[in-house]
Number of protein chains: 2
Amino acid sequence: MQDHFELNMDEYLPLRDVVFKTLRKAILTGEIKPGERLMEIHLAKKIGVSRTPIREAIHKLEQEGLVTMIPRRGAIVAEISEKGLRDVLEVRRALDTFCAELACERISEEEKEALRRACTDFEEAVKTGDTTVIAKADVAFHDIIIGATGNERMVMTINNLAEQMYRYRFEYIKDASQHERLIKEHRALLDAILKENVIGAGEAAREHIDNQEKSILMQIHLDEK
Amino acid sequence: MQDHFELNMDEYLPLRDVVFKTLRKAILTGEIKPGERLMEIHLAKKIGVSRTPIREAIHKLEQEGLVTMIPRRGAIVAEISEKGLRDVLEVRRALDTFCAELACERISEEEKEALRRACTDFEEAVKTGDTTVIAKADVAFHDIIIGATGNERMVMTINNLAEQMYRYRFEYIKDASQHERLIKEHRALLDAILKENVIGAGEAAREHIDNQEKSILMQIHLDEK
DNA sequence: GATGATAATATTGTATACAAAGTACAAAGT
DNA sequence: ACTTTGTACTTTGTATACAATATTATCATC
C-alpha cells in the first residue's frame, strides 16, 4: 500500500501526438517555412515512424489552421496573410476584452493572488531578457485571466486563436523596446481586475491587444522591406 | 471554344469527408446518442469502407468537439453539459454582439439588400412551419451579418461554436411559440444594422442570444423532467 | 458463492501494401 | 522551335495486416 511511487503511469502518448507536437514546433519556430510542402513519406523517414501517424498529425495541423491541404496534393504550411492576422486579432480583441470584464465579476481570491504573482513573475522574466521565459510568463498571466471566467469553451477558443499568432508573438516579444510598455499594461490590467473595475479592465485589455497589433504589424512590415 | 459545358468536374470528395459528414449528421440528429461509443470496425462495416477513413473522420469529429477520445479506448459521442452549453452561448454572446456592431460599420449596399431579403425569407420560412426550412433561413440571416464583418476568422470561429449547439438548436426552433419572437428580434437587428445604429445592433444581437439561451435551457430542463 | 488469476476476445495503434491521381519530362509530330 | 501525347515517377487515398493493450469471460481456489 505504498503511495510514494509518484505513479508516473509513464504517460503513454500516441505517436500521432508526438509527431503533431514535433511538426507544430517546427512550423512555429520557422524551421519549416510557409508555403513548404509536408510530404508524408519524407517526414515518415525523417522522424522514423510510418505514414499513418504522420497523416493523422498533419490532419490535426490542418484543423488548427497551421497547414492547408490540397486534395491529392498534400499539405503545405499555411501562409498567414496580414489580413489573416488582423482578423485573428480582431476576434481576440472582442474576446479578451470580454474576458477581462467577466474576470472582474468572477475572479476568486486565490486567482487574484495568483494573478498578482503572475504579474510580478512577468516583471522578473523581463529582467532575465530570455525571450522564452518572457513569453511563458506572459502566457501564464493571461491564462489566469481567461481561466478566471470559469468558461472552458472560452479558454479553448482563445487558445485556438492564439495558436495562429505564435509565430509572430515570438518575434514581437523579442523586441526589448516593448517590454516596459508590456509591464505597464499588465499592471493596469491587474489593478483594474483586483479592484473589480469592469470598465477599466475591459479598456486595459483592449488597449493591450491594440498595441500588440500595432507592434506585430510593424514587425511584419520591417521583415518585408 | 465552347464554354457551355458546365464542366461539372464531378467534385471528388475524399471518403474521410463523406464519412465525417455522415457521422456528424448522425450525431446532430441524435441518431447516435451522447455517451455511445464509436467503434471503427463496426462503422467501417456499416458504412462499407475500411477503417482508415473512419479513423480520420472520427479525429475530425474530435477536433470539432462532437466526440471525446479516450486513449486506447476509442471515441464516444460527447455529452454536452448545461454548463458547456452556457459556456458556448457566453462566447457567442460576446462575438455576435461584436459582429452586429462591426457589421454596421462595414456592411455594403449589396449585403444590406441581401440581409433585407434574408429577413423576409425567414418570415416566409416560418409560415411554412417546416423546421428544416426555418433553421436554414435563420442560419442564412445570421451568416450575412457575420460575413458583413469581412472577417473570415470570425466566420470560422462562430461556425465552430455553432456546431456545438446544433443538437439543441433544432429542438428549440421546433418550438412554434418562439417563432413570433424570433421574427421580431430579426427585424430589430435588421433595422439597427440598416440604420448603422451600432449600439442598437449590439443590443439587439445580445438580446437575441439571451432569449435563445433561456429558451434552450428551458427545453433541456423539460427533457430532463 | 465470492474472489482472483488467467485465457480469450475485442479494439485501438501502427505499419505496410496497393490503387488512383497528379506531375514532370521526353519523344514525336507539326 | 513549339506543342502534344505518352510514359515513368511521385504522392496521396484507401485497404489490410500485425502489434499492443484493454475488456470480458472462464475456471480454479478459498
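Residues numbered from 1 in each chain as written. Chains lettered and ligands numbered in written order. Predicted model: local features only at pLDDT ≥ 70, side-chain atom pairs only at ≥ 80, totals over all residues. Heavy atoms only, no water.

## Quick notes on the overall build of chain A
Stated formally: Helix and strand definitions here come from DSSP, where helices need a minimum of 4 consecutive H or I residues and strands a minimum of 2 consecutive E residues; each element is numbered from the N-terminal end. Under the scheme applied here, a residue whose accessible area is under 20% of the maximum for its type counts as buried, over 50% as exposed, and between as partly exposed, the area being computed with a 1.4 Å probe on protein chains only.
Helix and strand content of chain A: 10 helices and 3 strands. Ordered by position from N to C terminus, the α and β elements of chain A give α-β-α-α-β-β-α-α-α-α-α-α-α. Each principal axis of the C-alpha atoms in chain A carries an extent, and together these give about 65 × 55 × 35 Å. By the burial criterion, 48% of the 225 residues in chain A qualify as buried.

## Remarks on the sheet that holds strand S3 (residues 74-77) of chain B
All names here are of chain B. Defined as follows: In this scheme, strands are said to pair when DSSP sees at least two bridges between them.
Taken in spatial order, the 3 strands line up as S1-S3-S2 in an open sheet, and their pairing is antiparallel. Every interior strand has two partners, whereas the edge strands, strand S1 (37-38) and strand S2 (67-70), have only one. Both S2 and S3 contribute to a ladder of 4 bridges, which runs antiparallel. By the bridge assignment, Met69 is partnered in S3 with Ala75.

## Quick word on the nonpolar core
Note the threshold: In this description, a nonpolar core means a group of buried Ala, Val, Leu, Ile, Met, Phe, Trp, Tyr and Cys residues linked to one another through side-chain atoms lying within 4.5 Å. Contacts: residue pairs with any heavy atoms within 4.5 Å of one another.
If you look at the biggest cluster of nonpolar residues, it comprises 58 residues, and the most contacted ones within it are Leu85(A), Leu95(A), Met154(A), Leu85(B), Leu95(B) and Met154(B). Not counting the four nearest positions on each side in its chain, Met154(A) is found in contact with Leu95(A), Phe98(A), Cys99(A), Ile146(A), Thr149(A) and Val91(B).

## Some words on the packing of aromatic side chains
What counts, and what does not: When two rings of Phe, Tyr or Trp (its six-membered ring) have centres within 6.5 Å they constitute a pair, described as stacked for plane angles under 30 degrees, edge-to-face for angles over 60, and tilted for the intermediate range. Each ring is checked for a lysine NZ or an arginine CZ that lies within 6 Å of its centre and within 35 degrees of its normal; such an atom marks a charge sitting over the ring.
Counted by the stated rule, this structure contains 0 aromatic pairs over all chains. For the cation-ring pair, Lys60(A) lies above Phe20(A), with the distance from its terminal atom to the ring centre recorded as 4.9 Å.

## Some remarks on empty space enclosed by the protein
Empty space among the atoms can be located by rolling a probe the size of a water molecule over them. Residues and elements named next belong to chain B. Convention followed: Each cavity reported here is a set of points on a 1 Å grid over the protein atoms alone in which a 1.4 Å probe fits but cannot get out, each pocket an open set with protein on both sides within 12 Å along at least five of seven lines, and each lining residue one with an atom within 4 Å of a point. Grid points are joined across faces, edges and corners, and a volume is the space filled by probe spheres set on the points. Only Asp, Glu, Lys and Arg are considered charged in this grouping, and only Ala, Val, Leu, Ile, Met, Phe, Trp, Tyr, Cys and Pro are considered nonpolar; every other residue, Gly among them, is considered polar.
Tallied over the full model, the rule gives 3 cavities of 30 Å³ or more. There is about 200 Å³ of room inside the largest cavity. Lining of the largest cavity is provided by 16 residues; of these, Arg92, Val139, His142, Ala162 and Arg169 occupy positions nearest its centre. Breaking the lining of the largest cavity down by element, the ones donating at least two residues are helix H4 (82-106), helix H6 (131-148), helix H7 (152-163), helix H8 (166-174) and helix H10 (198-224). The leading source of residues in the lining of the largest cavity is H6, at 5 residues. Its residues placed into classes, the lining of the largest cavity shows 7 nonpolar, 4 polar and 5 charged.

## Brief notes about the protein's contact with DNA strand C
Going by this rule: We call a residue near a molecule or strand when any one of its heavy atoms sits within 4 Å of it. Under this definition, polar contacts are N or O atom pairs within 3.5 Å; protein pairs additionally need one hydrogen-donor-capable and one acceptor-capable atom, and for neighbouring residues in sequence, both atoms have to be side-chain atoms.
Near DNA strand C, the surroundings consist of 22 residues, among which Leu15(A), Ser50(A), Thr52(A), Arg73(A) and Met39(B) are the closest. Within 4 Å of the protein, the contacting atoms of DNA strand C are 73% sugar and phosphate, with bases supplying the remainder. Separating a base oxygen of DNA strand C from a side-chain N or O atom of Arg51(B) is a distance of 3.0 Å. Here the surface near DNA strand C is composed, by residue class, of 8 nonpolar, 4 polar and 10 charged.

## Some points on the interface of chain B and chain A
Operational definition: Take the accessible area each of two parts loses on contact, using a 1.4 Å probe, and add the two losses: that sum is the buried area.
Taken together, the contacts link 29 residues of chain B with 29 residues of chain A. For the pairing of chain B and chain A, the buried interface totals around 2600 Å² over both sides, and the portion due to carbon and sulfur atoms is 51%. In this structure, the connection of chain B to chain A is made through 14 residue pairs in polar contact (both at pLDDT 80 or more). Contributing elements (two or more residues each) for the side of chain B that touches chain A: helix H3 (51-64), H4 and H7 of chain B.

## Some points on the protein's contact with DNA strand D
The immediate surroundings of DNA strand D are formed by 21 residues, with Arg51(A), Leu15(B), Ser50(B), Thr52(B) and Arg73(B) found nearest. Counting only atoms of DNA strand D within 4 Å of the protein, the sugar-phosphate share comes to 71%. Here Arg16(B) contributes a side-chain N or O atom positioned 3.4 Å from a phosphate oxygen of DNA strand D. Of all the elements in the fold, those that place two or more residues in the surface near DNA strand D are strand S1 (37-38), helix H2 (40-47) and helix H3 (51-64) of chain A together with helix H1 (15-28) and H3 of chain B. If one sorts the elements of the surface near DNA strand D by residue count, H3(B) sits on top with 3 residues. Here the residues of the surface near DNA strand D are counted per class, giving 8 nonpolar, 3 polar and 10 charged.

## Looking at the side chain of Gln178(B)
Residue and element names in this part refer to chain B. Among the secondary structure elements, Gln178 is positioned in the loop between H8 and helix H9 (179-194). A distance of 2.3 Å separates the side chain of Gln178 from the side chain of Arg181, its partner in a polar contact. Among residues more than four places away in sequence, those in contact with Gln178 are Tyr172 and Ser215.

## Details of the sheet that holds strand S2 (residues 67-70) of chain A
One open sheet holds the 3 strands; their spatial order is S1-S3-S2 (chain A), and the pairing between them is antiparallel. Two strands close off the open sheet at either side, each with one partner strand: S1 and S2 of chain A.

## Focus on a nonpolar patch on the surface
All names here are of chain A. The following threshold applies: Each patch groups residues whose relative accessible area exceeds 30% and which form no salt bridge, using 9 Å between like charges and 5 Å between nonpolar side chains of Val, Leu, Ile, Met, Phe, Trp and Tyr. Using a 1.4 Å probe, the Shrake-Rupley method yields the accessible areas, and only the shown protein chains count as cover for residues. Whenever a carboxyl oxygen of Asp or Glu lies within 4 Å of a side-chain nitrogen of Lys or Arg, that contact is scored as a salt bridge.
On the surface, a nonpolar cluster with roughly 230 Å² of combined accessible area is contributed by Leu13, Leu15 and Val18. Positionally, Val18 belongs in helix H1 (residues 15-28). For Val18, a relative accessible area of 37% puts it in the partly exposed group.

## Some thoughts on the relation of the copies chain B and chain A
To be explicit about the condition: The fit set for superposing copies consists of C-alpha atoms from residues with pLDDT of at least 70 in both; the fit itself is least squares.
Rotating chain B by 180 degrees and translating it 0.0 Å along the rotation axis places it on chain A, where the RMSD comes to 0.0 Å. This pairing of chains is accounted for by a two-fold axis. A shared binding surface is used by both copies, with 100% of the interface residues of chain B retained as interface residues in chain A.

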